[in-house]
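# Structure at a glance
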Amino acid sequence: QAEEAMSSMLDFARSAAEVETFSSWLEQMTHRDVDVRLGRSKGGQILRLYSIPAAKGLEFDHVVIPDVSAGSFDSLQQEERNLFYVAISRARRKLTMTFTGRPSTFLSSFGRPEDWGALG
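A few points on the structure. (Residues numbered from 1 in each chain as written. Predicted model: local features only at pLDDT ≥ 70, side-chain atom pairs only at ≥ 80, totals over all residues. Heavy atoms only, no water.)

Right, let's get into the overall build of the protein. Along the protein, the regular secondary structure elements total 4 helices and 2 strands. Taken from N to C terminus, the helices and strands of the protein fall in the order α-α-α-β-α-β. In the protein, which comprises 120 residues, the proportion classed as buried is 16%. Restricting the contact set of the protein to residue pairs at least 6 apart, pairs at least 24 apart contribute 58%. (Helix = DSSP H or I, 4+ residues; strand = E, 2+ residues; numbered from the N terminus. Buried < 20%, exposed > 50% of the residue type's maximum accessible area, 1.4 Å probe, protein only. Contact = heavy atoms within 4.5 Å.)

Let us look at the pattern of salt bridges. Taken as a whole and judged by the stated rule, the model has 2 salt bridges. We note a salt bridge from R92 to E59, for which the minimum N-O separation is 4.0 Å. Here R92, found in strand 2 (residues 91-97), pairs with E59, found in the loop between helix 3 (52-55) and strand 1 (60-65); they are 33 residues apart in sequence, far enough to count as distant. The salt bridge involving D61 is made with R92; its shortest N-O contact spans 3.2 Å. Highlighted residues: D61 in strand 1 and R92 in strand 2, separated in sequence by 31 residues. (Salt bridge = Lys/Arg side-chain N within 4 Å of Asp/Glu carboxyl O.)

For strand 1 and strand 2, the ladder comprises 5 bridges, and the chain directions are parallel. What sits directly across from I65, in strand 2, is M97. Each parallel crossover has a hand, and the one from strand 1 via helix 4 (residues 78-88) to strand 2 is right-handed. (Pairing = 2+ DSSP bridges. Right-handed = clockwise from strand over helix to strand, strands pointing away.)

Let us now look at the packing of aromatic side chains. One pass over the full model with this rule turns up 2 aromatic pairs. A ring pair is formed by Y50 and F60, whose centres lie 5.3 Å apart and whose planes are at 40°; its orientation type is tilted. Note that Y50 is positioned in the loop between helix 2 (22-37) and helix 3 and F60 in strand 1, a separation of 10 residues in sequence. Judged by its relative accessible area of 40%, Y50 falls in the partly exposed class. Look at F84 and F106: their rings are 5.3 Å apart centre to centre, the planes differ by 65°, and that puts the pair in the edge-to-face class. Of the two residues, F84 sits in helix 4 while F106 sits in the segment after strand 2, which places them 22 residues apart along the sequence. Taken as a pair, F84 and F106 share a single burial class, namely buried. (Phe/Tyr/Trp six-rings, centres within 6.5 Å; stacked < 30°, edge-to-face > 60°.)

Here it is in structure tokens:
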């Protein structure tokens, strides 16, 4: 599974490098999803982008949540904590979260940062 995940992430990075704007990349991803559903995809894998509210009630084998950095998901408001819960609870098998600088205080429930590499 590690090779499959690495291949998917490399494909993801290559697709982003091929376009000039974020909007055009999103459009490309939308067309890729259509190609997969119509059987025109080579790999059979689907990458779907959702806002957290739009993903509510759905589940996925692997969920990636980018930018869980300090300042993101750090509010004391219950609504933001609820959104974070919705985001992390969409994953059936694997959850990947990224951050730059300091992690969000919400990540403290996952233990110490030096131990996160062992989570899985």
